[in-house]
Amino acid sequence: MAAEWDCQDGILIAWPHAGTDWAYMLDEVTACYINLSKAILEDDERLVIVAPDGDEVRSALGPDTDWQRIDIIELPTNDTWVRDYGPIAINDGGRIALADFTFNAWGMKFAADCDNLVNSRLQQCGALQLPLLNYRDLVLEGGSIESDGNGAIMTTTCCLTAPNRNDGLTREQLEEELLHRLGGDKMLWVNHGSLIGDDTDGHIDTLARFAPGGIILYTGCDNPEDEHYIPLMQMEQDLRRLTDTDGKPYHLIKLPLPVAIEDEISRLPATYANFLVMNHQVLVPLYGQDKSDIQASQLIGEAFPGRQIKGVDCRALIRQHGSLHCATMQLPKGSINTNR
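On a predicted model such as this, the values are computed, not experimentally measured, just so you know.

**Q** What exactly am I supposed to notice about the overall build of the protein chain here?
**A** Looking only at helices and strands, the protein chain features eight helices and 16 strands. For a compact globule of 340 residues, the expected C-alpha radius of gyration is about 20 Å, and the protein chain comes in at 19 Å, within 12% of that figure. Taking the principal axes of the C-alpha coordinates as reference, the protein chain spans close to 50 × 45 × 40 Å. For the protein chain, the proportion of its 340 residues judged to be buried stands at 61%. Sequence separation of 24 or more characterises 74% of the internal contacts of the protein chain that already satisfy a separation of 6 or more. Taken as a whole, the protein chain presents about 13800 Å² of accessible surface, with 46% of it coming from carbon and sulfur. Of the charged side chains in the protein chain, 26 are positive and 52 negative; the average position of the first set lies 4 Å away from that of the second.

Below you can see the structure in the form of structure tokens.
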């Protein structure tokens with residue numbers, strides 16, 4: 001499995017529309033996606049947008065957009081969390097390929113009949129020019145796994161072993177299958193840690209992320225009164241015990257936990273670990289909290305020297321329990337067909 005900082009062709013996103021859970025706040029989230037699109041286009045990459053109505057996207061982004069670097073693919077979607085159903089880049093015997101796993105909306109919690117077909121439809125319409133590997137006998141979400149680019153795959157036990165994903169497989173069988181298909185040598189299981197309001201059963205991309213040079217950035221909590229304090233302290237101990245494929249421990253960098261953001265029902269799973277690495281920049285989710293927004297951006301910048309750190313306001317995204325990384329999927333070099 002490729003590391004996120006490997007060379008990319010572009011970024012895939014799925015545009016919000018009235019048929020998604022964003023219907024009640026469509027203007028607000030559309031403004032967020034406009035800002036996200038502009039931030040992506042400030043890199044040298046292409047932007048691939050999946051949407052049921054391309055004209056809506058064109059109208060939203062406006063005539064001043066760099067349309068030479070945007071591909072709009074008209075496809076139906078259930079939701080916008082393309083990280084979890086988009087194609088996963090792997091090194092398949094010396095060639096880069098795209099892996100297509102089954103997406104069942106985090107254990108059949110929501111509708112996924114359209115999202116589950118996005119990858120195959122992208123291939124069928126000619127938008128992808130790398131091989132698409134059929135791994136649809138397994139359920140896997142892109143936000144549930146992290147690769148250090150050197151054969152180690154990090155995940156959370158609570159997500160990958162959750163009911164209604166791969167019930168017929170033991171943890172050992174699932175590890176064997178995923179390492180084989182993702183080209184990994186070692187599975188790193190994180191047994192503790194979760195965020196209140198997270199409905200993914202604990203995706204690793206909300207908790208701990210790899211960076212070049214053997215670094216793990218992770219969500220921490222220094223307030224003993226916060227309900228996250230104990231589980232995140234336990235997760236930190238898990239991370240300290242992890243070693244890479246050479247047996248070396250990782251260097252840990254603790255990211256701050258945003259001050260609690262709540263909706264009418266519960267606390268929302270805001271996290272700075274949900275950043276996106278691009279060729280020349282790292283996009284960091286911001287939550288309108290100056291102190292922690294700045295601190296998190298600085299720490300992530302230290303882990304990615306040479307890349308520009310750019311913040312994207314994600315207060316709209318967190319209303320549906322996701323953030324910046326959840327809403328994007330990087331596409332590896334050579335994957336986008338610009339001649340279709």
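**Q** What is the right way to look at the sheet that holds strand S3 (residues 70-74) in this model?
**A** Two modes of strand pairing occur in sheets, parallel and antiparallel, and in both the strands are linked by backbone hydrogen bonds. Within the open sheet, the four strands sit side by side as S3-S2-S1-S16. Their pairing is mixed. The open sheet terminates on both sides in strands that have one partner only, identified here as S3 and strand S16 (329-332). Taken over all neighbouring pairs, the strand axes of this sheet differ in orientation by 25° on average, direction set aside. With five bridges connecting them, strand S2 (residues 46-51) and S3 associate as parallel partners. Note that in S3 the partner of Val50 across the bridge is Ile73. Each of strand S1 (8-14), S2 and S3 is contacted by helix H1 (residues 26-41), which is oriented at about 175° to S1, the strand it contacts most. Against the sheet, helix H2 (residues 54-61) contacts S2 and S3, and its axis sits at roughly 145° relative to S3.

**Q** Even after reading the chapter, I still don't get the pairing of strand S15 (residues 308-313), so can you show me in this structure?
**A** For a regular strand, side-chain orientation follows a simple rule: the groups alternate between the two sheet faces. Bridge count between strand S14 (residues 281-286) and S15: six bridges; the pairing is parallel. Bridge pairing in S15 places Leu286 opposite Asp313. In this fold, S14 hands off to helix H8 (residues 290-303), which returns the chain to S15; that crossover is right-handed.

**Q** Any chance you could explain unusual backbone geometry here in plain terms?
**A** Working note: non-glycine residues mostly have negative phi, and peptide bonds are mostly trans. Despite not being glycine, Asn164 has its phi angle at roughly 70°, a positive value. Taking the relative accessible area as the measure of exposure, Asn164 reaches 35% and is therefore partly exposed. Despite not being glycine, His321 has its phi angle at roughly 70°, a positive value. With respect to the helices, strands and loops of the structure, His321 is situated in the loop between S15 and S16.

Scoring rules and cut-offs
Residues numbered from 1 in each chain as written. Predicted model: local features only at pLDDT ≥ 70, side-chain atom pairs only at ≥ 80, totals over all residues. Heavy atoms only, no water. Helix = DSSP H or I, 4+ residues; strand = E, 2+ residues; numbered from the N terminus. Rg over C-alpha atoms; globule rule 2.2 N^0.38 Å. Buried < 20%, exposed > 50% of the residue type's maximum accessible area, 1.4 Å probe, protein only. Contact = heavy atoms within 4.5 Å. Areas by Shrake-Rupley, 256 points an atom, 1.4 Å probe, with all protein chains shown as cover. Lys, Arg positive; Asp, Glu negative; His and termini not counted. Charge placed at Lys NZ, Arg CZ, Asp CG, Glu CD. Pairing = 2+ DSSP bridges. Axes fitted to C-alpha atoms, helices over the stretch in contact; angles between N-to-C directions. Right-handed = clockwise from strand over helix to strand, strands pointing away.

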